[in-house]
Amino acid sequence: MARIVQKYGGSSVGDTERMKRVAQRVKQYSDEGHQVVVVVSAMSGTTDQLIAQAKELHDNPSEREMDMLLATGEQQSVAFLAMAMHGYGCKAESFTGAQAGIETDGVHCKARIKNIDPERIERSLEKGNVVIVAGFQGASEEELITTLGRGGSDLTAVALAAALNADVCRIYSDVDGVYTADPRIVPEAQKIDRISHEEMLEMASLGTKVMQARAIEFARNFDVELEVRSSETDEPGTLITRESEEMEDKAVHGISLDKDEAKITISRVPDTPGIAARLFQVIADSSVNVDLIVQNVSEQGYTDISCTVPEADLPRFETDLAEKIRTELNTDEITSDKSIAKVSVVGVGMRTHSGIAATAFQALADADVNIKMIATSEIKISCVVPLDDASKAVRTLHQAFGLAEKTSGDE
Ligand code: ADP
Ligand code: ASP
Ligand code: MG
């Protein structure tokens, strides 16, 4: 008998027919004598629809009330799935995140899990139930409902797998694994059989939203091995696991794309010591997350500084923040550009293979894609390119690193 945590994403429970198929799959495992804990997302589109409705009522709704609202999406799903399980004669109980013992900090809309008290889940499992937990939510010490950031049901699953000491943690989705690039953009992308937590974390943070980045970070920190699989087939998916030596055989494992960033340029900044510190302190004070930063060569005592920020933060930037920067730095020239995308090449093998950057830049040049900004780390190279060229850039890099060919490096 194994203890299994399964998570089903929004599209896998998108309508009652799919919900029934999930119930049948879960029942199979339960009938085999396994203890099954199921984490479920809101039905596809529900969270987006709730957000849109909230914005019809208020431009900037209270985050406390947003959490109260958004948690209802997952609550519907768990009740539906429990009913479907009962329909197949299977014992099942649904729980909200709070009922399942998930305690978070009080940061609404992106709360962090502080502790999980699995006692109630354990009791329900002992009674022979399939336990169904609402993903994406918990409760703070003050018993306020909190949510864990978009895609947060992945985090619920990983955290429960760690807290319950589960033997298996599977993330079921509308895709049968993690691919070398988004299969919607690169049809010849290949399913990756094994990938390290480190690479998956980098890919997820760089825009590959098949898994939530925070969930992978948690999995890495608590050494939870997980598998991304299709909710429609029984094929093995992608194992996300601790890094092993042969993973470095291949220089590049995947290409990520993030279209949700914007570029800001502050021109004619006096090139004196401490100026960058002042600029980024002003930005940090407003909780806007900066990603890439580039400072140009100084000319006649002035320089330009560009950075990327989440596009969602741009309205806030353009209103109060731009004004603060103008005052602090005594410059008038602040421009923003939404028509950009960040394309990244990721692989732990970059530590040992050389020439990866040269190959990437040459391939983009040959495809006539203009690189506006570059950032590198030990296992990634990111390029900011014009939004219109984003898909072409992903396909070009995918081809340049031979990712369409299945190699033993993936095995
Ligand atoms: P769920 O609703 O199950 O949580 P998501 O929509 O969050 O599913 O994630 C699955 C989607 O991620 C897929 O439909 C796919 O289009 C997209 N995706 C983007 N990049 C990749 C990739 N490299 N490999 C697999 N899927 C990817
Ligand atoms: N329903 C939430 C969202 O759409 C959480 C999740 O699906 O994982 O982001
Ligand atoms: Mg998801």
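Everything below is about the structure printed above this text.
Keep in mind it's a predicted model, so treat the numbers as computed, not measured.

(A) Highlighting the environment of Ala312. Position of Ala312 among the secondary structure elements: in the loop between strand 16 (302–310) and helix 9 (314–329). Distance from Ala312 to Val269, taken between C-alpha atoms, is 25 Å for residues 43 residues apart in sequence.

(B) Region of the structure containing the site of ligand 1. Near ligand 1, the surroundings consist of 18 residues, among which Lys7, Ser173, Asp174, Tyr179 and Arg184 are the closest. Measuring from an oxygen atom of ligand 1, one finds a side-chain N or O atom of Lys7 at 3.1 Å. Asp174 has a polar side-chain atom sitting 2.9 Å from an oxygen atom of ligand 1. For ligand 1, whose free accessible area comes to 570 Å², the fraction covered by protein is 81%.

(C) Focus on the packing of helix 1 (residues 16–31) against helix 3 (residues 63–87). Contact geometry for helix 1 and helix 3: axes closest at 9 Å, N-to-C directions at 60°. Seen along the crossing, helix 1 lies across helix 3 with a hand that is right-handed. Residues Met19, Val22, Ala23, Val26 and Lys27 of helix 1 form the contact with helix 3, whose participating residues are Ser77, Phe80, Leu81, Ala84 and Met85. For the contact of helix 1 with helix 3, the residue count by class is 8 nonpolar, 1 polar and 1 charged.

(D) Looking closely at the nonpolar core. With 42 residues, the main nonpolar core has Val37, Ile121, Leu160, Met200, Met211, Leu226 and Ile240 as its most contacted residues. Top element by residues in this core is helix 5 (residues 153–163). It accounts for 6 residues. Counting residues in hydrophobic clusters, the runner-up holds 28 residues, among them Val175, Leu257, Val369 and Leu403.

(E) Local environment of the packing of aromatic side chains. Tallied over the entire structure, the rule returns 2 aromatic pairs. Ring centres 4.4 Å apart and planes at 20° place the aromatic pair Phe218 and Phe222 in the stacked group. Just above the ring of Tyr302 sits the side chain of Arg268; from NZ or CZ to the centre is 3.9 Å.

(F) Focus on the site of ligand 2. Contacts to ligand 2 come from Ser41, Ala42, Thr47, Glu74, Phe136, Arg150, Gly151, Gly152 and Ser153. Take Ser41: an N or O atom from its side chain is 3.1 Å from an oxygen atom of ligand 2. The side chain of Thr47 places a nitrogen or oxygen atom 2.8 Å from a nitrogen atom of ligand 2. Its free accessible area being 260 Å², ligand 2 has 86% of it covered by the protein chains. Broken down by class, the residue content of the shell around ligand 2 amounts to 2 nonpolar, 5 polar and 2 charged.

(G) Quick look at the sheet that holds strand 10 (residues 194–196). One open sheet holds the 8 strands; their spatial order is 3-6-2-1-9-11-12-10, and the pairing between them is mixed. One side of each edge strand has no neighbouring strand; the edge strands of this open sheet are strand 3 (92–95) and strand 10. Each adjacent strand pair in this sheet contributes to an overall mean axis angle of 20°, direction not counted. Here 4 bridges tie strand 9 (residues 168–173) to strand 11 (residues 226–230), and the two strands are oriented parallel to one another. Counted as the bridge partner of Arg170 is Glu227 from strand 11. Contacts from helix 1 reach strand 1 (3–8), strand 2 (35–40), strand 6 (130–134), strand 9 and strand 11 within the one sheet, and its direction differs from that of strand 1 by about 175°.

(H) Here's a closer look at the pairing of strand 20 (residues 380–386). Of all 7 residues that make up strand 20, 7 are buried, and the element is covered over most of its length. When strand 18 (residues 340–346) meets strand 20, the two strands line up antiparallel, connected through 7 bridges. Bridge pairing links Val343 to Cys383 in strand 20. As paired strands, strand 19 (residues 373–377) and strand 20 are joined by 5 bridges and run antiparallel to one another. Paired with Thr376 across the two strands is Ile381, which belongs to strand 20. Adjacent in sequence and paired antiparallel, strand 19 and strand 20 are bridged by 2 residues.

(I) Focus on the pairing of strand 9. Burial analysis of strand 9 places 5 of its 6 residues in the buried class, the great majority of the element. In this sheet, strand 9 lies alongside strand 1 in parallel orientation, the contact comprising 5 bridges. For Tyr8, the partnering residue across the bridge sits in strand 9 and is Tyr172.

Definitions and limits used
- Numbering of residues begins from 1 in every chain and follows the order in which that chain's sequence is written.
- Lettering for chains starts from A, numbering for ligands starts from 1, and both go in the order in which the items are written.
- Per-residue local features of the predicted model are confined to residues with pLDDT of at least 70, and side-chain atom pairs are confined, for both listing and counting, to 80 or more; whole-chain, interface and lining totals are unaffected and use all residues.
- No hydrogens and no water enter the side-chain calculation; it runs on all heavy atoms of the structure.
- The helix and strand labels rest on DSSP assignments: H or I over at least four residues marks a helix, E over at least two residues marks a strand, and numbering proceeds from the N terminus.
- Proximity is defined per residue: if any heavy atom of the residue lies within 4 Å of a molecule or strand, that residue is considered near it.
- We call two N or O atoms a polar contact when they sit within 3.5 Å, provided that within protein one can donate a hydrogen and the other can accept it, with sequence-adjacent residues counted only if both atoms are side-chain atoms.
- The Shrake-Rupley method, run with a 1.4 Å probe, gives the accessible areas here. Residue values count only the displayed protein chains as cover.
- Lines fitted to C-alpha atoms define the axes, with helix axes restricted to the stretch in contact, and inter-axis angles between N-to-C directions lie between 0 and 180 degrees.
- The crossing is said to be left-handed when, going from far helix to near helix, the turn is anticlockwise and less than a right angle, and right-handed when the turn is clockwise.
- Contact between two residues is taken to exist if any of their heavy atoms lie within 4.5 Å; hydrogens are not considered.
- Classes in brief: Ala, Val, Leu, Ile, Met, Phe, Trp, Tyr, Cys and Pro nonpolar; Asp, Glu, Lys and Arg charged; the others, Gly included, polar.
- Buried Ala, Val, Leu, Ile, Met, Phe, Trp, Tyr and Cys residues that are joined via side-chain atoms within 4.5 Å together make up what is termed a nonpolar core.
- Note on classification: 1.4 Å probe, protein chains only; a residue is buried when its accessible area is under 20% of the maximum for its type, exposed when over 50%, partly exposed between these limits.
- Classification of ring pairs rests on two measures: the distance between centres of Phe, Tyr or Trp rings, Trp counted by its six-membered ring, which must be within 6.5 Å, and the angle between planes, read as stacked under 30 degrees, edge-to-face over 60 and tilted in between.
- Distance and angle both matter: a charge sits over a ring if NZ of Lys or CZ of Arg is within 6 Å of the ring centre and within 35 degrees of the ring normal.
- A pair of strands is considered paired only if DSSP assigns at least 2 bridges between the two.

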